[in-house]
Each structure stands twice: as structure tokens, then as C-alpha cells.
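Survey of secondary and tertiary structure
Chain by chain, the residues run as shown.
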Amino acid sequence: MPDLRRLYEKGAKDEATCERLARHLHNYKGQDPVVLGFRAGTQGMLAKFAWGPYAKIKHLRTSSQLFDEVIKKHPLVAEVRFLRYSLEFFIPRYLNMSHHLEEDKKIFLNSLFRYPNSDIEADVYQAIRHFLLKHPEGLTEQEKKLLYNLKA
């Protein structure tokens, strides 16, 4: 899982890595919700590198459908909720494709604020915390205060 997380992060910046990861995850036949979440997220990241608005929208819709499927079966997996949140966070609002931000934030923040007594691993805790510190505009003032008081 740590390798998958590193590749996913690299794929957000590198088209070749993103495409390679998407091909690899497309062939995944297992049912691990986190791996399925990365598969959904990678589809969404492909929109960043696609040419033309139709191709971008197609990737985002596929990503949304895959996220819906995994979250329907595993609604409380914080890492999957964070993956969808971090993707939807960057989708331009005029596309009206960021419907789950508050719902997802509630789930993963609950795990983040209960850490280490929650279902997330140390590296996931750090990744979520780092993302939110870098992009606090999606947080309420109370959430920001709680976040800044979390231990690194």
C-alpha cells in the first residue's frame, strides 16, 4: 500500500506515471476498498492530462461512478473518502461535479481527529493533515483550529 500511495502522489504530477498506474489498477480484480479508491482517483487524475473537454469530463464521470460503487459498499473508509475529497476539491465548481465535499470531509476528519484510535495508518494521517494544511479553504474555522492542534 505505501508504494501505491507514492505512485498515486507522483501520478498527480506526472502523466506517464498516472497512465501506467491507471492501466495497472484497471486490471485489479480484488475488493480492497482502498485500492478501489485509488483506481477511482486515478481515473479522475487522468482528466488533468486529457486533451479536450469531452475527454476530461469522461474521466471525471468514470471516476465518480467508481467512487460511488466503492463508497456504497464501504461508506466509512476514511482514506477512500479523502481520495474523493482531494479530487473533487480541484474540480472547477462550474462543472457541478463536486457534490461530496462536506460528506467526505466529515468522515475522514472524524478519523483524523481520533487518530491514533481510528482506522487510518500513520502515513495516511500525515498525508491528510498535510493536504488540509496546504488547502485549508475547505475547512470551517473550528476545523482549522482542531487541525492546527493535531500532532505532526
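For the structure given in this document, a descriptive report is provided here. (Residues numbered from 1 in each chain as written. Predicted model: local features only at pLDDT ≥ 70, side-chain atom pairs only at ≥ 80, totals over all residues. Heavy atoms only, no water.)

Looking at the overall build of the protein chain
This is how it is decided: Put simply, DSSP H or I for four residues or longer makes a helix, DSSP E for two residues or longer makes a strand, and each gets a number counted from the N terminus. Radius of gyration: over C-alpha atoms. The globule rule applied is 2.2 Å multiplied by the number of residues raised to the 0.38 power. Every residue pair with non-hydrogen atoms within 4.5 Å of one another is taken to be in contact. Values of accessible area rely on a 1.4 Å probe in the Shrake-Rupley scheme; residue burial ignores everything except the protein chains shown. None of His or the chain ends enter the tally, which takes Lys and Arg as positive and Asp and Glu as negative. Note that the charge is assigned to NZ on lysines, CZ on arginines, CG on aspartates and CD on glutamates.
Within the protein chain one finds 8 helices and 0 strands. Radius of gyration (C-alpha) of the protein chain: 15 Å, near the 15 Å computed for a compact globule of 152 residues. When its C-alpha atoms are laid out on the principal axes, the protein chain stretches across 40 × 35 × 30 Å. The long-range share in the protein chain, meaning contacts at least 24 apart out of those at least 6 apart in sequence, stands at 55%. For the protein chain, the computed accessible surface area is about 9000 Å², with 57% contributed by carbon and sulfur atoms. Distance between charge centres in the protein chain, computed from 25 positive and 19 negative side chains, equals 1 Å.

Some details on helix 5 (residues 78-89)
Using the following cut-off: What a helix is expected to span follows from its residue count: subtract one and scale by 1.5 Å. Only protein chains enter the area calculation, which uses a 1.4 Å probe; residues under 20% of their type maximum are buried, those over 50% are exposed, and those in between are partly exposed.
Between its terminal C-alpha atoms helix 5 stretches 16 Å, which fits the 16 Å expected from 12 residues at 1.5 Å a residue. Extensive coverage of helix 5 is indicated by the burial of 12 of its 12 residues. When helix 5 is considered as a whole, its buried residues turn out to be Ala78, Glu79, Val80, Arg81, Phe82, Leu83, Arg84, Tyr85, Ser86, Leu87, Glu88 and Phe89. Looking at the packing, one finds that the buried side of helix 5 touches helix 1 (2-11), helix 3 (33-49), helix 4 (53-73), helix 6 (101-114) and helix 7 (122-134).

Comments concerning the packing of aromatic side chains
Rule in force here: Two rings belonging to Phe, Tyr or Trp (six-membered ring only in the last case) form a pair when the distance between their centres is within 6.5 Å. Interplanar angles under 30 degrees mark stacking, angles over 60 mark edge-to-face geometry, and anything in between is tilted.
One pass over the full model with this rule turns up 10 aromatic pairs. Judged by centre distance (5.9 Å) and plane angle (35 degrees), the rings of tyrosine 85 and phenylalanine 89 are tilted. On the criterion of helical spacing, the pair formed by tyrosine 85 and phenylalanine 89 is a turn pair, its members being 4 residues apart in helix 5. In this structure an aromatic cluster arises from ring pairing among Phe82, Tyr85, Phe89, Phe90, Phe108 and Phe131.

What to know about the packing of helix 5 against helix 6
Filter applied, for reference: Axes here mean lines fitted to C-alpha atoms, for a helix over just the part in contact, with angles spanning 0 to 180 degrees between N-to-C directions. Throughout, the term roughly parallel applies to angles under 35 degrees, roughly antiparallel to angles over 145, roughly perpendicular to angles from 65 to 115, and oblique to all others. By convention, the crossing between two helices is left-handed when the near helix turns anticlockwise from the far helix through less than a right angle, and right-handed when the turn is clockwise. All amino acids are sorted into three groups, where Ala, Val, Leu, Ile, Met, Phe, Trp, Tyr, Cys and Pro are nonpolar, Asp, Glu, Lys and Arg are charged, and the leftover types, Gly among them, are polar.
Packing of helix 5 against helix 6 leaves a shortest axis separation of 8 Å and a crossing angle of 140 degrees. Relative to helix 6, the element helix 5 is oriented oblique. In the crossing of helix 5 with helix 6, the sense of the turn from one axis to the other is left-handed. Two secondary-structure elements touch here, helix 5 through Ala78, Arg81, Phe82, Arg84, Tyr85, Glu88 and Phe89 and helix 6 through Leu101, Glu103, Asp104, Lys105, Ile107, Phe108 and Ser111. Residues belonging to the contact of helix 5 with helix 6 are distributed by class as follows: 7 nonpolar, 1 polar and 6 charged.

Some remarks on the packing of helix 4 against helix 5
Helix-helix packing is described using two parameters, namely the angle between the two axes and the distance between the axes. Across the interface, helix 4 lies against helix 5 with an axial gap of 11 Å and an inter-helix angle of 160 degrees. Comparing their axes, helix 5 and helix 4 come out roughly antiparallel. Where helix 4 crosses over helix 5, the two elements pack in a sense that is left-handed. Here Ser63, Phe67, Asp68, Val70 and Ile71 of helix 4 lie close against helix 5, whose contacting residues are Val80, Arg81, Leu83, Arg84 and Leu87.

So, the layout of surface pockets
Note the following rule: For each structure, a 1 Å grid was placed over the protein atoms alone; sets of points admitting a 1.4 Å probe that cannot get out are labelled cavities, open sets with protein on both sides within 12 Å along at least five of seven lines are labelled pockets, and lining residues have an atom within 4 Å of a point. Grid points are joined across faces, edges and corners, and a volume is the space filled by probe spheres set on the points.
In this structure, the largest pocket spans a volume of roughly 1100 Å³. For the largest pocket, the lining is made up of 34 residues, of which Tyr8, Ala12, Ser86, Phe90 and Phe131 are closest to its centre. Secondary-structure elements contributing two or more residues to the lining of the largest pocket are helix 1, helix 3, helix 4, helix 5 and helix 7. With 7 residues, helix 7 is the largest single contributor of residues to the lining of the largest pocket. Of the residues belonging to the lining of the largest pocket, the class tally is 21 nonpolar, 4 polar and 9 charged. If you go around the second largest pocket, the residues you meet are Tyr28, Gly30, Gln31, Leu36, Arg39, Leu66, Glu69, Val70 and Lys73. Elements with a minimum of two residues in the lining of the second largest pocket: helix 3 and helix 4. Considering every element that reaches the lining of the second largest pocket, the biggest residue donor is helix 4, with 4 residues. Classifying every residue of the lining of the second largest pocket by side-chain character gives 4 nonpolar, 2 polar and 3 charged.

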